[in-house]
Amino acid sequence: MDLSRAAASAADDADPLAGFRSRFTGAEDDGPDRLLYLDGNSLGRLPRETPAAVARVVEQEWGRGLVGSWADWVERSRRIGDVLAAGVLGARPGEVLVGDSTSVDLYKLLVAAADARPGRDVLVCCADDFPTDRYVVAGVAAQRGMTVREVDADIDEGLDPGVLAAALDERVAVVVLSQVAYRSGALVDVAVVTRLARDAGALVVWDLSHGAGAVPADLTAAGADLAVGCTYKYLNGGPGAPAFLYVRRELQEELRQPIWGWFGQRDQFAMGPVYDPAAGVDRFAVGTPPVLAMAAVEVGARLSAEAGIDRLAAKGGALTGLLIALADARLAEHGVTVASPRDAARRGSHVSLAHPAAWQLTRALVDRGVVPDFRTPDRVRFGPAPLYTRFVDVWDAMDRLRTVLVERAHEGYPTERSRVT
Ligand SMILES: *Cc1c(COP(=O)(O)O)cnc(C)c1O
């Protein structure tokens, strides 16, 4: 592999997604000192179309249309859900709904799934999963007198399906699992795990937060039953953007979610005396959706759909592959090790590098115009977003990291221990 900057630049010239970069703000900042934003998996960049799309809803639908726009808003959660279903998630129309946060959507689907497995008293989650997922599982278990079984996963290589299989038996009602591990980027095969759980009689609620917009989920092909995920990461829906939930069509009538709001009600405006859940995915709605925020989600969802999830995944694999190769070739001698799967087929679009001074390195990088994330215990996490990150951006970021290490510039920063105490 040619690891020169010229080779990275040539990869950009050959990139079929190169044109998407200019559709995001920040592309105009293109000098040698430009900001290298490698945190698109925490908060994606702002699409250029988004301010006008949000302003349109504010000025026209709210400002002029007032309550007359209401009928459109009721449909919108499903309409944007359908864009995500077809363009990003590999699901069918009427299976995806946008609204609420990932945490709340996870709660709704987890309770619905547990109710659908009466007599089973165990919830399974991964000990290394994102905190909110583990907390929601613990909270639901506590409310229902259920037991949580946490399966261990390697923090770099991710969950071994064999370890999960050993935790599945006739007591398990629901498994909650992330498709892509938030720290290492390790990818779990949705189809394989769905089959394992189904064989044990359990349902899986997938959290696609770190995968949506980066790798395919192929929910229909995988036979997945339930999923949730963020829209403000690789889907570029903006801060606080509402999440999506997915419920396989064949399961919708069977499930009931626990928050009986009027947006989940059949014939909502009949204002009937008792809750009678709507047909289809609408029954998983609760209350008035965040209409302004959804305008931004729609722009982001359409951009990812237009690029195509397979092309996004291919580029994400190549970007992270370059990052890993550069870390091996140019950073290993300074104590940096790769803390993510090396096989592109086994990771999402982010990579973690381990170093004992990871916290200080992260601070030093931010001061030098590179934005990664620090993750415990000693990881610097880089999320090159295939829609707007170039190969030269990855190259330059690793070069700036190498300069920090060579000059020992990070040693002047406080350690994480001194930060927290
Ligand atoms: C980012 C993320 C969330 C965020 O949940 P919110 O309710 O939007 O705060 C949840 N789960 C996973 C796996 C995530 O990566």
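Note that the structure is predicted; figures quoted are calculated from it, not measured.

1. Points about the overall build of the protein chain
Turning to step 1, where the next piece is worked out: Looking only at helices and strands, the protein chain has 13 helices and 13 strands in total.
Turning to step 2, where the next piece is worked out: Against the globule reference of 22 Å for 421 residues, the protein chain gives a C-alpha radius of gyration of 22 Å, in line with a compact fold.
Turning to step 3, where the next piece is worked out: Overall, the protein chain is about 70 × 55 × 45 Å in size when its C-alpha atoms are taken along their principal axes.
Turning to step 4, where the next piece is worked out: By residue count, 56% of the 421 residues in the protein chain fall in the buried class.
Turning to step 5, where the next piece is worked out: Partitioning the intrachain contacts of the protein chain with sequence separation of at least 6 by distance along the chain shows that 73% fall at a separation of at least 24.

2. Side note on the sheet that holds strand β7 (residues 226-229)
Turning to step 1, where the next piece is worked out: Taken in spatial order, the 7 strands line up as β2-β8-β7-β6-β5-β3-β4 in an open sheet, and their pairing is mixed. One side of each edge strand has no neighbouring strand; the edge strands of this open sheet are β2 (96-98) and β4 (147-151). The average angle at which neighbouring strand axes cross in this sheet is 20°, direction not considered.
Turning to step 2, where the next piece is worked out: Summarising the sheet, strand β5 (residues 172-178) and strand β6 (residues 203-207) pair through 5 bridges and their orientation is parallel. Considered in β6, the bridge of V175 is made with V204.
Turning to step 3, where the next piece is worked out: Across the sheet, helix α4 (residues 102-115) touches β3 (122-126), β5, β6, β7 and β8 (244-247), and the angle it forms with β7 is around 170°.

3. Concerning the sheet that holds strand β9 (residues 337-338)
Turning to step 1, where the next piece is worked out: Taken together, the 4 strands give an open sheet; going across it, the order is β9-β10-β13-β12, and neighbouring strands pair in antiparallel fashion. The outermost strands of the open sheet, each flanked by one partner alone, are β9 and β12 (373-375).
Turning to step 2, where the next piece is worked out: Inspection of the sheet shows strand β10 (residues 351-354) paired to strand β13 (residues 379-382) by 4 bridges, in the antiparallel sense. Bridge pairing in β13 links S352 to R381.
Turning to step 3, where the next piece is worked out: Most of the contacts of helix α10 (residues 309-331) go to β10, to which it runs at about 15°, and overall it touches β9, β10 and β13.
Turning to step 4, where the next piece is worked out: On the sheet, helix α11 (residues 358-367) packs against β12 and β13 and is oriented at approximately 40° with respect to β13.

4. Details of the domain arrangement of the protein chain
Turning to step 1, where the next piece is worked out: The domain boundaries assigned to the protein chain delineate domain 1 (5-48 + 309-412) and domain 2 (51-307).
Turning to step 2, where the next piece is worked out: A straight line from the C-alpha centre of domain 1 to that of domain 2 covers 29 Å.
Turning to step 3, where the next piece is worked out: With 40 residues of domain 1 at the interface, the matching set in domain 2 holds 30 residues.
Turning to step 4, where the next piece is worked out: Taking both sides of the interface into account, the surface hidden between domain 1 and domain 2 amounts to around 2,800 Å²; carbon and sulfur atoms contribute 56%.

5. Quick notes on the site of the ligand
Turning to step 1, where the next piece is worked out: Residues in contact with the ligand amount to 13 residues; listed here are only the nearest, S103, D207, H210, Y232 and K233.
Turning to step 2, where the next piece is worked out: D133 is positioned such that a nitrogen or oxygen atom in its side chain is 2.9 Å from a nitrogen atom of the ligand.
Turning to step 3, where the next piece is worked out: Separating an oxygen atom of the ligand from a side-chain N or O atom of H210 is a distance of 2.8 Å.
Turning to step 4, where the next piece is worked out: Alone, the ligand offers 390 Å² of accessible surface; in the complex the protein occludes 85% of this.
Turning to step 5, where the next piece is worked out: If you list the elements that add at least two residues to the shell around the ligand, you get α4 and α5 (131-144).
Turning to step 6, where the next piece is worked out: For the shell around the ligand, the class distribution of residues is 3 nonpolar, 7 polar and 3 charged.

6. Examining the state of the cysteines
Turning to step 1, where the next piece is worked out: One pass over the full model with this rule turns up 0 disulfides.
Turning to step 2, where the next piece is worked out: This cysteine, C125, is not joined by any disulfide, and C126 carries the nearest cysteine sulfur, 7.3 Å off.
Turning to step 3, where the next piece is worked out: Taking the relative accessible area as the measure of exposure, C125 reaches 2% and is therefore buried.
Turning to step 4, where the next piece is worked out: Among the cysteines around C230, which has no disulfide bond, C126 carries the closest sulfur, lying 17 Å off.
Turning to step 5, where the next piece is worked out: Look at C230 and you get buried, because its relative accessible area is 3%.

7. Observations concerning a nonpolar patch on the surface
Turning to step 1, where the next piece is worked out: Judged by side-chain polarity, W62, L66, V67 and L292 come together as a nonpolar surface patch covering roughly 430 Å² of accessible area.
Turning to step 2, where the next piece is worked out: With relative accessibility at 38%, the residue L292 sits in the partly exposed group.

8. Things to note about the nonpolar core
Turning to step 1, where the next piece is worked out: Core analysis: the largest hydrophobic core is formed by 57 residues, its most contacted members being L84, L89, L164, L177, W206 and F244.
Turning to step 2, where the next piece is worked out: Mapped onto the domain boundaries, this core takes at least three residues apiece from domain 1 (5-48 + 309-412) and domain 2 (51-307).
Turning to step 3, where the next piece is worked out: Leave out the neighbours within four places in its chain, and L164 touches V124, V151, L159, V175, L177 and V193.
Turning to step 4, where the next piece is worked out: Counting residues in each nonpolar core, the second largest holds 34 residues, with A8, L323, W395 and M398 among its members.

9. Some points on the pattern of salt bridges
Turning to step 1, where the next piece is worked out: Taken as a whole, this structure holds 39 salt bridges when the rule is applied.
Turning to step 2, where the next piece is worked out: Between E49 and R23 there is a salt bridge; the shortest N-O distance is 3.6 Å. Residue E49 is found in the loop between β1 (36-37) and α2 (50-64), and its partner R23 is found in the loop between α1 (5-13) and β1; the two are separated by 26 residues along the sequence.
Turning to step 3, where the next piece is worked out: By relative accessible area, E49 is classed as partly exposed at 46%.
Turning to step 4, where the next piece is worked out: A salt bridge links R78 to D282, with the shortest nitrogen-to-oxygen separation between them at 2.8 Å. Taken together, the positions of R78 in helix α3 (residues 70-89) and D282 in the loop between β8 and α9 (291-307) put the pair 204 residues apart, joining distant regions of the chain.
Turning to step 5, where the next piece is worked out: Its relative accessible area of 26% is what places R78 among the partly exposed residues.

10. Digging into the packing of aromatic side chains
Turning to step 1, where the next piece is worked out: This structure, assessed with the given rule, holds 8 aromatic pairs.
Turning to step 2, where the next piece is worked out: Consider the rings of W70 and W262, whose centres lie 6.3 Å apart with planes at 45°: the pair is tilted. Residue W70 is located in helix α3, and its partner W262 is located in the loop between β8 and α9; the two are separated by 192 residues in the primary sequence.
Turning to step 3, where the next piece is worked out: Given a relative accessible area of 23%, W70 falls into the partly exposed group.

What counts and what doesn't
Residues numbered from 1 in each chain as written. Predicted model: local features only at pLDDT ≥ 70, side-chain atom pairs only at ≥ 80, totals over all residues. Heavy atoms only, no water. Helix = DSSP H or I, 4+ residues; strand = E, 2+ residues; numbered from the N terminus. Rg over C-alpha atoms; globule rule 2.2 N^0.38 Å. Buried < 20%, exposed > 50% of the residue type's maximum accessible area, 1.4 Å probe, protein only. Contact = heavy atoms within 4.5 Å. Pairing = 2+ DSSP bridges. Axes fitted to C-alpha atoms, helices over the stretch in contact; angles between N-to-C directions. Domains from an automatic or database assignment. Buried area = accessible area lost by both parts, 1.4 Å probe. Near = heavy atom within 4 Å. Polar contact = N/O pair within 3.5 Å; in protein donor to acceptor, adjacent residues only side chain to side chain. Areas by Shrake-Rupley, 256 points an atom, 1.4 Å probe, with all protein chains shown as cover. Nonpolar A, V, L, I, M, F, W, Y, C, P; charged D, E, K, R; others polar. Disulfide = S-S within 2.5 Å. Patch = residues over 30% accessible without salt bridge, like charges linked within 9 Å, V, L, I, M, F, W, Y side chains within 5 Å. Salt bridge = Lys/Arg side-chain N within 4 Å of Asp/Glu carboxyl O. Core = buried A, V, L, I, M, F, W, Y, C linked by side-chain atoms within 4.5 Å. Phe/Tyr/Trp six-rings, centres within 6.5 Å; stacked < 30°, edge-to-face > 60°.

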